Amino acid sequence: MLFITVQVAACLLSSCAGRPADRPVTPPPDVLLVTIDTLRADRVGVYGGLPATTPNLDSLARRGVTFMDATAHAPLTAPSHASILTGQYPPRHELRDNGGFVLSPRSRTLAEMLRANGYQTAAFVASYVLNRGTGLNRGFETYGDRFDVTAPHLSLPSLQRRGPEIARDAVKWLAAARRPFFLWMHVYDPHAPYDPPPAFGSRFPGKPYEAEIATSDWAVGEVLRAVGQKSQNALVIVTADHGESLGEHGEMEHGILLYDATLHVPLIMAGPMIRAGQRVQQQVRHVDILPTVADWVRVQVPPGLDGTSLKPLIEGRTDVLTQPSYSESLFGQLHFGWSDLHAVRDGQWKFVQAPAAELYDVRADPAERSNLFDGRRDTAAKLERIIHDVNVASAKDRVASGTAVDSVTTERLKSLGYVSGRVELGPAAGADPKTQIARYVDYVEQFTRGVDALQAGREREAERVFERLVRMFPGSYEVHQYLGRTRAARGAHDDALREFEAARRLSPGSALVAFDAAKSLAAKRDFATALARVTEGLTLEPDTFYGYVTKGQVLRAAGQRPEAQAAFEKALALSPGLAIAEYELGALAEGAGDAAAAAAHYQRALASDAGMVESRAALSRVERQLPARSGR
Ligand SMILES: [Zn+2]
């Protein structure tokens, strides 16, 4: 409410007291944040990419400021977005992997900050990885995270929406938005698999990644135009959560290694208060975005930030010191039992803390090919100290706050050695991820083949793939989980439950593993244990609609119809229009003999997902029971 108060006060001063205000009162700027997933900086025209790919981003850069050396803090979607939205490094915001972690209750988001100052807030996200169970929805009055789960075997990366759909939702919201507004738009198209819509694919033959970037740019353009019509006073920020390796250092996608291929991101800001066409060469960071917005809209920043405002740099000040940028990936550790990785980059040097440490002169060697660690131990030691300090300071905060006791995330961090005073000073025991990357590429290929076979109903083939993967990667909980799913698919629920238990031991934080186990337990008619697993999953990831769908299915199988109905209704409240929940409610109504109510639910399911064959069959079945309507 700060702005409203300031404006009212200024108005009172100028009109009632007959004294001019000391400066003209301008309304607070609207804020648009756009994050394009998996977008390498060097694929954007202004950073040297093909201009035909990103005309809208390039036009934004011409009217604003482009940060040529911007860095992310994690090569993973949820942790990186958490840094953008909180101004904190991952050890402090605690959302350290996709799944299994929740944003720290002590972190304050950009949306919370702006909403407290009178902004209307909304977000539209394109990947399930950013669903509201992560806590990233905090401060957003509207949080568009609608994904459907009709596929028999939920696979997280497949739950995504296209950029043009996200743009349509964002434009629709903008039309009725009250000012000032804060809108966050997340676009996921450039993420693998690269399968652009034909209209874009045909413009970039043989370059599907670029075609997906062009799709994203088009969607962003739609929203930029709508924002321009709504507001002459909008601060626009566009960045990527991380890049894509595309084979550099042996990595195909992103998530494991900490090289600039995935940590160098585009960052463009524009608004009426920003001088057009500027380029900033100093290193800047994702954690600087929140303090910069706070500076621009003149609101107080929350305490405990790792970033600083970029406003002085944008205003052309040359005496601004470059701040070091911390980054990490716990992916190899959490998913395979390898070592964790941490890095720090100061604009010239980059140190990677790993079983075999690395040091690069990123100015002279931007591709990070020559490891200079042996010849420059003093430089490396100075940077390593920063990694240590970032982790120790965050662990101290965590221990000092009372919230640490009951936080699920804190329990997980404790088991990894990140909580107590004994923060790991060096990388955890385990293989160096860079020595495993070729095996990992093979893993992804086989895993994808196994999932495809499972989705297509070829359970035996899928089972053979996952059995082989379990032998190759016994430390991967996901392999055990999927082997369990293939066995559940052919009705071998005892075998499935053994694999789900192995997955749970390896990754106690995975809510999906708990939901999978619940389904097999329900199939065995052990409803009490099944419901205990559902509760466990919902504790790990509260407010996940998938958890409530699972709960409803278990309760329906147990014959507890009113409770099942309540669970499906809760799923619908979390994700309006959710086809699977409408379908299940239709089935409950049909079972109770209410054909009209059942038909209405099936129709709503089909309105959300026209291709849902179960709903179509069910609808024609109940329509035959309804009295013929006149005039048709
Ligand atoms: Zn991402």
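Residues numbered from 1 in each chain as written. Predicted model: local features only at pLDDT ≥ 70, side-chain atom pairs only at ≥ 80, totals over all residues.

1. Considerations on the sheet that holds strand β12 (residues 349-353)
Thinking step 1. Strands sit in the order β10-β11-β12-β13 across an open sheet of four strands; the sheet is antiparallel. Every interior strand has two partners, whereas the edge strands, β10 (325-329) and β13 (358-361), have only one. This sheet shows a mean twist of 15 degrees between the axes of neighbouring strands, independent of strand direction.
Thinking step 2. Looking at chain direction, β12 and β13 are connected through four bridges and run antiparallel. Across the sheet, residue Trp349 finds its bridge partner in β13, namely Asp361.
Thinking step 3. Where helix α13 (residues 377-400) meets the sheet, it contacts β10, β11 (341-345), β12 and β13, and its direction lies at approximately 60 degrees from that of β12. (Pairing = 2+ DSSP bridges. Helix = DSSP H or I, 4+ residues; strand = E, 2+ residues; numbered from the N terminus. Axes fitted to C-alpha atoms, helices over the stretch in contact; angles between N-to-C directions. Contact = placed C-beta atoms within 7 Å.)

2. Examining the confidence of the model for the protein chain
Low pLDDT means the predicted coordinates in that region are not meant to be read closely.
Thinking step 1. When pLDDT is averaged across the protein chain, the result is 89; 89% of the residues are at 70 or more.
Thinking step 2. pLDDT under 50 marks residues 1-22. Its contacts with residues more than four places away, or in other chains, come to 16 contacts.
Thinking step 3. In the model, residues 420-427 has pLDDT below 50 throughout and makes 14 contacts with residues more than four positions away in sequence or in other chains. (pLDDT = per-residue confidence, 0-100.)

3. Quick notes on the packing of helix α23 (residues 579-591) against helix α24 (residues 595-608)
Thinking step 1. Two elements in contact, α23 and α24, have axes whose closest approach is 8 Å; the angle formed by their N-to-C orientations is 165 degrees. It follows from the interaxial angle that α23 and α24 lie roughly antiparallel. Every pair of crossing elements has a handedness; the one defined by α23 and α24 is left-handed. Along the contact surface, α23 presents Ala579, Glu582, Tyr583, Leu585, Gly586, Ala589 and Glu590, while α24 presents Ala595, Ala597, Ala598, His601, Tyr602, Arg604, Ala605 and Ser608.
Thinking step 2. Per-class residue counts for the contact of α23 with α24 are nine nonpolar, three polar and three charged. (Parallel < 35°, antiparallel > 145°, perpendicular 65-115°, else oblique. Left-handed = near helix turned anticlockwise from the far one by under 90°. Nonpolar A, V, L, I, M, F, W, Y, C, P; charged D, E, K, R; others polar.)

4. Things to note about unusual backbone geometry
Thinking step 1. With an omega of 0 degrees, the peptide bond running from Arg179 to Pro180 counts as cis.
Thinking step 2. Take Pro180: it is sitting in the loop between α6 (163-176) and β5 (181-187).
Thinking step 3. Despite not being glycine, Thr38 shows a phi value in the positive range, around 60 degrees.
Thinking step 4. One can find Thr38 in the loop between β1 (30-36) and α2 (55-62).
Thinking step 5. Unusually for a residue other than glycine, His249 sits at a positive phi of about 55 degrees.
Thinking step 6. Turning to its location among the elements, His249 is positioned in the loop between β6 (234-240) and α9 (260-263).

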